[in-house]
Amino acid sequence: QVQLVESGGGLVQPGGSLRLSCAASGFTFSSYRMSWYRQAPGKERELVATITSAGGYTNYADSMKGRFTISRDNAKNTVDLQMNSLKPEDTAVYYCNARGRRDYWGQGTQVTVSS
């Protein structure tokens, strides 16, 4: 059974940091490109960051460059998203995605940036 389980979301003040983690199971994690997406209320889901299967290449949406860092541990089957200098507009549900032979999604974790 494939599972992507996100954790680490919560409430943080503007300028603060959070680290999201996604634990994967049920598929060959090291063969899949991993991404984080987010969806704010009333908006479409958007790509936040992507990391290739071996972790050698990362890509970020323009508004996240320099603030967010995606990383993965293929030995632990986890992918993390370190988010710094958070802004109110970063408030959204953040989803973990695995893309390879198939496409898998986690259930999401809420991130709220507010004072």
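Throughout this description, residue numbers start from 1 for each chain and increase along the sequence as written. Note on the predicted model: pLDDT of at least 70 is required for a residue's local features to be given, and 80 or more for side-chain atom pairs to be given and counted; whole-chain, interface and lining totals, by contrast, use all residues. Just so you know, side-chain values use all the structure's heavy atoms and leave hydrogens and water out.

In this fold, threonine 78 is placed in strand β8 (residues 78-83). Taking C-alpha positions, threonine 78 is 9.5 Å from methionine 34, a pair spaced 44 residues apart along the chain. Setting aside chain neighbours within four positions, we find threonine 78 in contact with Cys22, Ala23, Phe29, Ser71, Arg72 and Asp73. Think of it this way: any DSSP run of H or I at least four residues long counts as a helix, any run of E at least two long counts as a strand, and we number them from the N terminus. Contacts between residues were defined by any pair of non-hydrogen atoms, one from each residue, lying within 4.5 Å.

Take the pattern of salt bridges next. Salt bridge, as used here: a side-chain nitrogen of Lys or Arg that lies within 4 Å of a carboxyl oxygen of Asp or Glu. For the coordinates displayed, the defined rule picks out 6 salt bridges. Of the charged contacts, one joins lysine 65 and aspartate 62 as a salt bridge, the two residues approaching to 3.2 Å between their closest N and O atoms. For the salt bridge of arginine 67 with aspartate 90, the shortest nitrogen-to-oxygen distance reads 2.7 Å. In this pair, arginine 67 is assigned in the loop between β6 (58-60) and β7 (68-73) and aspartate 90 in the loop between β8 and β9 (92-99), connecting sequence segments 23 residues apart. For the pair shown, arginine 67 and aspartate 90 are each scored as buried. One continuous salt-bridge network, built from bridges that share partners, spans Arg38, Glu46, Arg67 and Asp90. Type-normalised accessible area, obtained with a 1.4 Å probe on protein chains alone, sets the label of each residue: buried when under 20%, exposed when over 50%, and partly exposed for intermediate values.

What follows concerns the packing of aromatic side chains. In summary, the pairing rule links any two rings of Phe, Tyr or Trp, Trp by its six-membered ring, whose centres are within 6.5 Å, and it sorts them by plane angle into stacked for under 30 degrees, edge-to-face for over 60 and tilted for everything else. Evaluation of the coordinates by the stated rule reveals 5 aromatic pairs. Ring centres 4.8 Å apart and planes at 65° place the aromatic pair phenylalanine 27 and tyrosine 32 in the edge-to-face group. An aromatic cluster of three or more residues is present, and its members are Phe27, Phe29, Tyr32 and Tyr104. Looking at arginine 45, its charged tip hangs above the ring of tyrosine 95, at a distance of 3.8 Å from the centre. If you follow arginine 45 out to its NZ or CZ, it ends over the ring of tryptophan 105, 4.7 Å from the centre. We call a charge positioned above a ring when the Lys NZ or Arg CZ atom is no farther than 6 Å from the ring centre and deviates by at most 35 degrees from the ring normal.

What follows is about the side chain of aspartate 90. Take aspartate 90: its relative accessible area is 1%, and that puts it in the buried class. In terms of polar contacts, aspartate 90 uses its side chain to reach the side chain of arginine 38, at 2.8 Å. Each residue touching aspartate 90, except ones within four places of it in the same chain, is listed here: Arg38, Arg67, Phe68, Ser85, Val111 and Val113. Contacts described as polar in this section are N or O atom pairs within 3.5 Å, which, within protein, must combine one atom able to donate a hydrogen with one able to accept it, while residues neighboring in sequence count only if both atoms come from side chains.

This brings us to the side chain of arginine 67. A relative accessible area of 10% places arginine 67 in the buried class. Reaching out from arginine 67, the side chain makes a polar contact with the side chain of aspartate 90 at a distance of 2.7 Å. The contact partners of arginine 67, leaving out residues within four places of it in the chain, are Gln82, Met83, Asn84, Ser85, Leu86, Lys87 and Asp90.

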